[in-house]
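# Topology and contacts: notes
Residue-level listing of the chains:
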Amino acid sequence: MIQAAFQIEPASPGAMLRDEKKAGTPLGIEADRLTSCGQLVPDRMIVGLVESWLEKNHSNAFVFDGFPRTIGQAEALEELLARLAKPLQIAFFLDADFETIRERVGRRMVCETCGNVVAIGLHIETAEDRCPRCGGRLHRRNDDDEETLKRRMAEYREKSEPLNSHYAGLGLLRRIDANRIPAEVFADISSAIEA
Ligand code: AMP
């Protein structure tokens, strides 16, 4: 929604890792060992992916999805952006309850062909439907099961939650109540971008 409304290029290290895995690269295979059991992958891998994405992408605005996830990554990002003279403007904290997350993870499907992310009951009716964008086959992520989700939440609390105070301290944090429907969440994100 951000991309469509503001023409801001999105970059998601999680999606980049899934592409690397699909292409069978050593990085993709190594990362999958960690992602499939709910662990974060090392900062140097993620920062390397983001750095090469920034080298190829020359637009003036970008939005990172699921990055940074550690203080080390936040510091590396600050350095990368300082080199490009494009300072960080907003850090969104999409705050959702565990029950909301659990329920969304249970309904999430990803297109094997184009990587489109859809939800059963929102974009498609059943898990057997095809991708509404390209007609490709949909599958569940191998880290979208209950056990792996618990591990991901523990990683979040230990390594990612401290980012809230980091960005609050820099005056960049915008907390958004993400328990609501996409249109309402997006309305708040839009107002913050436009402000
Ligand atoms: P996501 O698609 O953002 O949910 O990410 C899926 C998985 O990829 C995460 O659970 C991590 O294992 C890995 N991953 C994605 N982004 C990062 C990041 N910024 N730092 C470390 N690991 C990441």
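That block above? That's the structure.
Residues numbered from 1 in each chain as written. Predicted model: local features only at pLDDT ≥ 70, side-chain atom pairs only at ≥ 80, totals over all residues. Heavy atoms only, no water.

### With respect to the site of the ligand
In the vicinity of the ligand there are 16 residues, among which T35, Q39, R69, Q73 and R141 approach most closely. Between the ligand and Q39 there is a distance of 2.6 Å, counted from an oxygen atom to a backbone nitrogen or oxygen. In the model, an oxygen atom of the ligand is placed 2.9 Å from a nitrogen or oxygen of the R69 side chain. Taken by itself the ligand offers 480 Å² of open surface, and the protein chains cover 94% of this. Take the shell around the ligand: its biggest share by element is four residues, from helix α2 (residues 13–23). (Near = heavy atom within 4 Å. Polar contact = N/O pair within 3.5 Å; in protein donor to acceptor, adjacent residues only side chain to side chain. Areas by Shrake-Rupley, 256 points an atom, 1.4 Å probe, with all protein chains shown as cover. Helix = DSSP H or I, 4+ residues; strand = E, 2+ residues; numbered from the N terminus.)

### Side note on the packing of aromatic side chains
Overall, the coordinates contain five aromatic pairs when judged by the stated rule. Look at W53 and F62: their rings are 5.9 Å apart centre to centre, the planes differ by 85°, and that puts the pair in the edge-to-face class. Like W53, the residue F62 is buried in the burial classification. With 5.3 Å between their ring centres and 65° between their planes, F64 and F67 make a pair best called edge-to-face. Grouped by ring-pair contacts, the aromatic residues W53, F62, F64 and F67 constitute a single cluster. (Phe/Tyr/Trp six-rings, centres within 6.5 Å; stacked < 30°, edge-to-face > 60°. Buried < 20%, exposed > 50% of the residue type's maximum accessible area, 1.4 Å probe, protein only.)

### Notes on the pattern of salt bridges
Scanning the entire structure with this criterion turns up 14 salt bridges. One salt bridge connects E51 with R83, and the closest N-O pair in it is separated by 3.6 Å. Of this pair, E51 sits in helix α4 (residues 43–56) while R83 sits in helix α5 (residues 71–84), and the two are 32 residues apart along the sequence. (Salt bridge = Lys/Arg side-chain N within 4 Å of Asp/Glu carboxyl O.)

### Notes on the sheet that holds strand β6 (residues 138–139)
Pairing in this open sheet of three strands is antiparallel, and the strands run β5-β4-β6 from one edge to the other. Taken across any chain shown, the strands that pair with only one partner, and hence form the sheet edges, are β5 (117–119) and β6. Pairing of strand β4 (residues 108–111) with β6, which is carried by two bridges, proceeds in the antiparallel orientation. Residue pairing for β6: C111 is matched across the bridge by L138. The strands touched by helix α6 (residues 98–107) within the sheet are β4 and β5, with β4 carrying the most contacts at an inclination of about 40°. (Pairing = 2+ DSSP bridges. Contact = heavy atoms within 4.5 Å. Axes fitted to C-alpha atoms, helices over the stretch in contact; angles between N-to-C directions.)

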